[in-house]
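Secondary and tertiary structure notes
One letter stands for each residue in the lines below.
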Amino acid sequence: SSSGVPTDVGHDAGDARLRDVLARLEQFREVLRRVSPGLNLTPPQPIVVVVFENQRSLKPFAPLYEGRPVDVGGVYVNGVTTHFMALDVARGSLAYPVIFHEFAHLFLRNTLAEVPVWFNEGLAGFYETFELGDGNRSATIGRANGPYVAKLRERMLPLDELLAVTASSPLYNEGDRRSIFYAQAWALTHYLLVGNQERAKQLPVYLQALIDGTDEPTAFATAFGATTSQIGAELSDYVRQMTFTAIRYNLSATVDELAIPRPQPMSDADATAILAEFQYMVKRKDEARTRLAAALATTPDHPGLLRT
């Protein structure tokens, strides 16, 4: 919606679960508002949330890899006029990291014209660890990513190589978020945000210099007062330590106290239009067309079906 509250579409999950999903997403935004008050947290397009009861019901809407549905707990796709996300509530907290990751991308892109690719992915990785605690009265972000740490203890990229990655770089387009690039982007962001207080003060200076048009090597050297080799050595030491700092926040409201709208029923044709558009966006176009054709056979004049 224009207010930024995601639109909830119940597919086969109950009302209580639908409200829980909306509450979780709104709490995530609340924590982001506290952690990064400069972020624009109002989505530029409506966000449609499709909640599935289990993996079986999500499967027809999951992205395909080599012709088979990917086993995922959550899916997020950017449309031209609408953003779509889907969650398998049976996965519990495992359904949310991909959603929080993509939310972070959306809000960062909504706020800053351009940031380095490594920071874009690193910050999204930092935020995707969002967890509720204390009966939903507190939240933690920035927990260590164990698989990333293990990978980096075996191998790290030269920092110059990491900083030089662009949206068109092969290293960024290998299609595997478990790759060394994603691991090291997360680690560098984690280190610069919470791992070193002095570096945390220098990070905004670096980002602002890039926004102002300063070339990357000059912005880095000026902001951090160090070479990439020096920061790379600091990062190498950082990923070999035994403990990592996370950030814990007390929330001003519990799930029950947040202003979450009650789910409203929708017609089968309305739901089909949304599901077909979502299916089309994840590149399952033939299945989307079949779904639409069946719906149009019984509701030929439905505007949502015709638009889709």
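Residues numbered from 1 in each chain as written. Predicted model: local features only at pLDDT ≥ 70, side-chain atom pairs only at ≥ 80, totals over all residues. Heavy atoms only, no water.

**A word on the packing of helix 4 (residues 117-127) against helix 7 (residues 180-195)**
Direction vectors running N to C along helix 4 and helix 7 enclose 75°, while the axes themselves pass 7 Å from each other. Put simply, helix 4 runs roughly perpendicular to helix 7. Of helix 7, the residues touching helix 4 (which contributes V117, W118, F119, E121, G122, L123, G125 and F126) are F181, Y182, A185, W186, L188, T189, H190, L192, L193 and V194. Looking at the contact of helix 4 with helix 7 residue by residue, the class counts come to 13 nonpolar, four polar and one charged. (Axes fitted to C-alpha atoms, helices over the stretch in contact; angles between N-to-C directions. Helix = DSSP H or I, 4+ residues; strand = E, 2+ residues; numbered from the N terminus. Parallel < 35°, antiparallel > 145°, perpendicular 65-115°, else oblique. Contact = heavy atoms within 4.5 Å. Nonpolar A, V, L, I, M, F, W, Y, C, P; charged D, E, K, R; others polar.)

**Let's talk about the sheet that holds strand 7 (residues 131-133)**
Note: strands within a sheet are paired through backbone hydrogen bonds, in either parallel or antiparallel orientation. Taken together, the three strands give an open sheet; going across it, the order is 7-8-9, and neighbouring strands pair in antiparallel fashion. In this open sheet, the two edge strands, each paired with only one partner strand, are strand 7 and strand 9 (247-250). Taken over all neighbouring pairs, the strand axes of this sheet differ in orientation by 25° on average, direction set aside. Sheet topology places strand 7 next to strand 8 (residues 138-141); three bridges connect them, and they run antiparallel. Looking at the pairing, L132 lines up with A139 of strand 8. Each of strand 7, strand 8 and strand 9 is contacted by helix 1 (residues 15-35), which is oriented at about 110° to strand 9, the strand it contacts most. (Pairing = 2+ DSSP bridges.)

**Considerations on the environment of D160**
Turning to its location among the elements, D160 is positioned in helix 6 (residues 159-163). The exposure class of D160 is partly exposed, given its relative accessible area of 49%. Taking C-alpha positions, D160 is 9.6 Å from T227, a pair spaced 67 residues apart along the chain. In terms of polar contacts, D160 uses its side chain to reach the side chain of T228, at 2.7 Å. (Buried < 20%, exposed > 50% of the residue type's maximum accessible area, 1.4 Å probe, protein only. Polar contact = N/O pair within 3.5 Å; in protein donor to acceptor, adjacent residues only side chain to side chain.)

**Considering unusual backbone geometry**
The phi torsion at K283 lies on the positive side, around 70°, for a residue other than glycine. Tracing the backbone shows K283 in the loop between helix 11 (268-281) and helix 12 (285-298). Residue classification places K283 among the exposed positions, given a relative accessible area of 67%.

**Quick notes on the pattern of salt bridges**
For side chains bearing opposite charge, pairing can occur when the charged atoms are close. This model, assessed by the stated rule, comprises eight salt bridges. One salt bridge in this structure joins R91 and D88, with 3.6 Å as the shortest N-O distance. On the accessibility criterion, R91 (26% relative accessible area) is partly exposed. With a shortest N-O distance of 2.7 Å, E131 and R143 are connected by a salt bridge. Here E131, found in strand 7, pairs with R143, found in the loop between strand 8 and helix 5 (146-154); they are twelve residues apart in sequence, far enough to count as distant. Through salt bridges with shared partners, a single ionic network connects D71, D88 and R91. (Salt bridge = Lys/Arg side-chain N within 4 Å of Asp/Glu carboxyl O.)

**Some remarks on the environment of G122**
Assignment of secondary structure puts G122 in helix 4. Relative accessible area serves as the criterion here: at 0%, G122 is assigned to the buried category. Considering only alpha carbons, one finds G122 and A187, 65 residues apart in sequence, at a separation of 7.2 Å. Ignoring any residue separated from it by four or fewer positions in sequence, one finds G122 in contact with A185, W186 and T189.

**Let's talk about the confidence of the model for the protein**
Mean pLDDT for the protein: 83, with 87% of residues reaching 70 or above. The element-level mean pLDDT for the protein is lowest in strand 1 (residues 7-10), coming to 42, with helix 10 (residues 228-239) highest at 96. (pLDDT = per-residue confidence, 0-100.)

**A word on helix 11**
An α-helix turns once every 3.6 residues. As a result, residues three or four positions apart point the same way. The end-to-end C-alpha distance of helix 11, which contains 14 residues, comes to 20 Å, matching closely the 20 Å that a straight helix rising 1.5 Å per residue would cover. Among all positions of helix 11, only A269, A271, T272, A273, I274, L275, A276, F278 and Q279 are buried. K283 occupies a position one or two residues after helix 11 and carries a positive phi of about 70°. (Expected span 1.5 Å × (residues − 1).)

**Comments concerning the nonpolar core**
The biggest cluster of nonpolar side chains holds 71 residues, and the ones touching the most others in it are M85, F103, W118, F181, L188 and Y206. The leading source of residues in this core is helix 7, at eleven residues. With residues near it in sequence (within four places) discarded, W118 still touches L162, L163, F181, A185, L188, T189, L192 and Y206. Among the nonpolar cores identified, the runner-up in size contains 15 residues, and L58, A86, I274 and L275 belong to it. (Core = buried A, V, L, I, M, F, W, Y, C linked by side-chain atoms within 4.5 Å.)

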